[in-house]
Amino acid sequence: MKIKWFGFARSRRTVAALGIASIAAGSLAMNSTPEAAKAAQPVPGHTALPPDITRTNMPRITTGEIFDLEYIGNNVFVAGTFTSIRNNATGNTTNYNQRWLAKFSLTTGLVDPNFRPTFDSGSVDEIEASPDGTKLFVVGRFNNVNGVPGSNARKIAALNPT
């Protein structure tokens, strides 16, 4: 049986052979990477293996959702629509009424009670640390941070992470 293919009459065998040849050529092209490109791949920055036991002392968001996390050193910053966060460590289950942005220690799992930024409305949707770790940039649906009016159009603020 003849098949019309791009205006040329071809047999099924010819079409099948051309299809297999194009798949094989594509596979060879994907697998033949120059050694220089392989050497340029980034190396993971891991310095330790994860622990065998799951950590249960991390704080819990008791109301709302988490939208973003950011690490600066040993501190974790949590952003979202939550209105409270609770320590979950043995012997310390303190609850903090903290809206939209909180900080806790990765080592102890305890919430930092001194990091208490206040936002007038909305939520904090995204957070990002400056490369040197001296600023925490927050983006969300708020107009004032710690009583200081910001740009209504941009909804961005830079905070001191300490």
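First, a word on scope: everything that follows refers to the structure included in this document. Just so it is clear, the model here is predicted, and its values are computed rather than measured.

Glancing now at the sheet that holds strand E5 (residues 75-80). One open sheet holds the 3 strands; their spatial order is E4-E5-E8, and the pairing between them is antiparallel. The outermost strands of the open sheet, each flanked by one partner alone, are strand E4 (66-72) and strand E8 (101-105). Along the sheet, successive strands turn relative to each other by an average axial angle of 20°, direction set aside. Examined bridge by bridge, E5 and E8 share 5 bridges and lie antiparallel to one another.

A few words now on the side chain of Asn 57. Turning to its location among the elements, Asn 57 is positioned in the loop between helix H2 (35-39) and strand E3 (60-63). Here Thr 108 takes part through its backbone oxygen, which lies 2.9 Å from a polar atom of the side chain of Asn 57.

With that out of the way, let us pick up the packing of aromatic side chains. Enumeration according to the criterion identifies 3 aromatic pairs in this entry. Ring geometry for Trp 100 and Phe 119: centres 6.3 Å apart, planes at 55°, overall tilted. Here the residue Trp 100 occupies a position in the loop between strand E7 (95-96) and E8, and Phe 119 occupies one in the loop between E8 and strand E9 (124-129), the gap between them amounting to 19 residues. Residue classification places Trp 100 among the buried residues on the basis of a relative accessible area of 6%. Of the residues examined, Phe 119 reaches a relative accessible area of 4% and is grouped as buried.

Here we take up the side chain of Gln 98. For Gln 98, the location among the structural elements is in the loop between E7 and E8. We classify Gln 98 as buried; its relative accessible area is 5%. Polar side-chain contacts of Gln 98 include one of 3.0 Å to the backbone oxygen of Pro 117. Those residues in contact with Gln 98 that sit more than four places away from it in its chain are Phe 82, Thr 83, Ser 84, Ile 85, Phe 115, Arg 116 and Pro 117.

What counts, and at which threshold
Residues numbered from 1 in each chain as written. Predicted model: local features only at pLDDT ≥ 70, side-chain atom pairs only at ≥ 80, totals over all residues. Heavy atoms only, no water. Pairing = 2+ DSSP bridges. Helix = DSSP H or I, 4+ residues; strand = E, 2+ residues; numbered from the N terminus. Axes fitted to C-alpha atoms, helices over the stretch in contact; angles between N-to-C directions. Polar contact = N/O pair within 3.5 Å; in protein donor to acceptor, adjacent residues only side chain to side chain. Phe/Tyr/Trp six-rings, centres within 6.5 Å; stacked < 30°, edge-to-face > 60°. Buried < 20%, exposed > 50% of the residue type's maximum accessible area, 1.4 Å probe, protein only. Contact = heavy atoms within 4.5 Å.

None of the figures reported here should be taken as evidence of function without further support.
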